[in-house]
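Next come the chains, spelled out residue by residue.
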Amino acid sequence: MASVQLDGITRRFSQAVAIEDITFEVPDGQFWVLVGPSGCGKSTILRTIAGLESATSGNLYIGEVLVNQVPARQRDVAMVFQNYALYPNMTVAENIAFGLKMRGADTKTQQERVETMARILDITHLLNRKPRQLSGGQQQRVALGRAIARQPQVFLLDEPLSNLDAQLRDGTRSELKQLHQQVGITTIYVTHDQVEAMTLADRIVILERGKIQQIGEPQSIYAHPANRMVATFLGNPPMNILPVTYTGDSFHLEGQKIPCPSTLGDSLHAGQHFDLGIRPEHIRVSEDAHLITEVSVVEPLGRETLIRVKLPTEERSPQITLNVQVSPDLRVISGDRLPLSLDLDRLFLFDPTTGQRIYPTG
Ligand code: ATP
């Protein structure tokens, strides 16, 4: 096993910059997740680490070794893709043993590793089957087993669960986490799914348009997003963003008032515009309301209900909507008036132009 360090990695394709000045270090044995919208550069970073893509500039280290010039097959990394193509004519056991065989491991070692992987992945009963006789989830576990069996220094996973249906994905996700706890191989995992990122990662790296937006522990990023992009990317439904104007003692929004937290007032100037952020779970239905809204859509989810509401706006103004998470006991229907109060200790302010967080500071 080994750490992976990227130091100012940039990759250009003719005119376009796919990733720019990417710097981070994954310590030995940790599980890091690269997450971000389509085209943000996740796969390019992973392919660069694997040696399938070469960096235009910057340095890449696996352990202590600078590997910029080291060919992919000598990097001792294993990669699993979304399309994990098992060898169709080989049995499950032969598929798992393949990488070991190629590296000249003796038959006894091959057999022992196959048995260990099969036990960990709970596929012992499938070892003599061919891939076409397996379900999608079972095939995916074989692909993971094949990659891990040869005990690489680094394990790279590119959207490995996205071909599975929702239930299987949830199950395989927790198996993957357990597997990492057992084998402890340094793992870098790419996904656009923020739930996978939150649940699997020791650290998340959030990317947008080829640049790192924030690196941190999942819960810490969720609680302290560095900017509007991160704030709205992590969380489902996402953080609400409201375009407000500070008036000296409160924030105005389409003729309604949101009080300003007392810790904040001194640093603001009347007339300043902000994007005010508030998560759906930090809004309450209350007659002591900050905002009067109208219910648009009600989505009962069993444990909670999600309500989409709209604010009354001037005829020509763009529609402002909010997502609110409420108790399933609340009975409302589309068109109902809904008074809402915001948890003022949980407000965020973002610069409307740069998107950077202004409040809370630090
Ligand atoms: P997705 O989630 O859709 O797979 P991603 O975050 O993995 O996206 P990348 O595949 O790394 O994104 O691509 C990053 C950017 O680099 C994109 O704008 C993409 O169009 C561009 N890109 C990637 N590979 C090439 C290539 N071979 N030639 C030109 N541009 C490329």
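**Section: the packing of helix H2 (residues 92–102) against helix H3 (residues 107–121)**
A pair of packed helices can be characterised by two numbers: the angle between their axes and the separation between those axes. Across the interface, H2 lies against H3 with an axial gap of 9 Å and an inter-helix angle of 130°. It follows that H2 is oblique to H3 by the angle criterion. Note that H2 runs across H3; the crossing there is right-handed. For the pair H2 and H3, the contacting residues are Ala93, Ile96, Ala97, Leu100 and Lys101 in the first and Gln110, Arg113, Val114 and Met117 in the second. In terms of residue class, the contact of H2 with H3 is made up of six nonpolar, one polar and two charged.

**A few points about the site of the ligand**
Taken together, Phe13, Ala18, Pro37, Ser38, Gly39, Cys40, Gly41, Lys42, Ser43 and Thr44 are the residues near the ligand. Between the ligand and Gly39 there is a distance of 2.8 Å, counted from an oxygen atom to a backbone nitrogen or oxygen. In the model, an oxygen atom of the ligand is placed 3.1 Å from a nitrogen or oxygen of the Cys40 main chain. The fraction of the free accessible surface of the ligand (630 Å²) that becomes covered by protein chains is 55%. With three residues, the top contributor of residues to the shell around the ligand is helix H1 (residues 42–50). Residues belonging to the shell around the ligand are distributed by class as follows: four nonpolar, five polar and one charged.

**Concerning the domain arrangement of the protein chain**
Parsing the protein chain into structural domains produces domain 1 (29–57 + 69–233) and domain 2 (240–359). The interface is formed by nine residues belonging to domain 1 together with twelve residues belonging to domain 2. The contact between domain 1 and domain 2 buries some 880 Å² in all, and 45% of this surface belongs to carbon and sulfur atoms. Where domain 1 packs against domain 2, one counts one salt bridge. Where Asp275 meets Arg228, a salt bridge forms, and the shortest distance between an N and an O atom there is 2.5 Å. Here domain 1 is connected to domain 2 by eight residue pairs in polar contact (both at pLDDT 80 or more). Of all elements in the fold, only helix H7 (218–223) and helix H8 (228–233) reach the threshold of two or more residues within the side of domain 1 that touches domain 2. Sort the elements by how many residues they give to the side of domain 1 that touches domain 2 and H8 lands first, with three residues. Grouping the amino acids of the side of domain 1 that touches domain 2 by side-chain chemistry returns five nonpolar, three polar and one charged.

**Focus: empty space enclosed by the protein**
This model, assessed by the stated rule, comprises one cavity of 30 Å³ or more. By volume, the largest cavity amounts to about 60 Å³. Taken together, Phe31, Ile148, Phe155, Leu157, Leu176, Leu179, His180, Val183, Ile185 and Thr187 make up the full set of residues lining the largest cavity. Those elements giving two or more residues to the lining of the largest cavity turn out to be strand E7 (154–158) and helix H5 (166–183). Among the elements that line the lining of the largest cavity, the one with the most residues is H5, at four residues.

**Quick look at the layout of surface pockets**
In this structure, the largest pocket spans a volume of roughly 550 Å³. In terms of lining residues, the largest pocket is bounded by 21 residues, among which Val77, Ala78, Met79, Phe81 and Arg150 are the most central. Contributing elements (two or more residues each) for the lining of the largest pocket: strand E6 (77–80), H2 and helix H4 (136–149). In terms of residue count, the dominant contributor to the lining of the largest pocket is E6 (four residues). Class assignment for the residues of the lining of the largest pocket results in 15 nonpolar, two polar and four charged. In this structure, the second largest pocket occupies an estimated 240 Å³ of space. Per-element tally for the lining of the second largest pocket: the top contributor is helix H6 (residues 194–200), with four residues. Of the residues contributing to the lining of the second largest pocket, the split by class is seven nonpolar, five polar and two charged.

**Digging into the side chain of Thr187**
With respect to the secondary-structure elements, Thr187 resides in strand E8 (residues 186–191). Among the residues examined, Thr187 registers a relative accessible area of 2% and is labelled buried. A distance of 2.7 Å separates a polar atom in the side chain of Thr187 from the backbone oxygen of Ile185. If we ignore the near neighbours within four places in the chain, the residues touching Thr187 are Gln30, Phe31, Trp32, Phe155, Leu157 and His180.

Procedures and definitions
- Residues numbered from 1 in each chain as written.
- Predicted model: local features only at pLDDT ≥ 70, side-chain atom pairs only at ≥ 80, totals over all residues.
- Heavy atoms only, no water.
- Axes fitted to C-alpha atoms, helices over the stretch in contact; angles between N-to-C directions.
- Helix = DSSP H or I, 4+ residues; strand = E, 2+ residues; numbered from the N terminus.
- Parallel < 35°, antiparallel > 145°, perpendicular 65-115°, else oblique.
- Left-handed = near helix turned anticlockwise from the far one by under 90°.
- Contact = heavy atoms within 4.5 Å.
- Nonpolar A, V, L, I, M, F, W, Y, C, P; charged D, E, K, R; others polar.
- Near = heavy atom within 4 Å.
- Polar contact = N/O pair within 3.5 Å; in protein donor to acceptor, adjacent residues only side chain to side chain.
- Areas by Shrake-Rupley, 256 points an atom, 1.4 Å probe, with all protein chains shown as cover.
- Domains from an automatic or database assignment.
- Buried area = accessible area lost by both parts, 1.4 Å probe.
- Salt bridge = Lys/Arg side-chain N within 4 Å of Asp/Glu carboxyl O.
- 1 Å grid on protein atoms, 1.4 Å probe; cavity = no way out; pocket = protein on both sides within 12 Å on 5 of 7 lines; lining within 4 Å.
- Points joined across faces, edges and corners; volume = space filled by probe spheres on them.
- Buried < 20%, exposed > 50% of the residue type's maximum accessible area, 1.4 Å probe, protein only.

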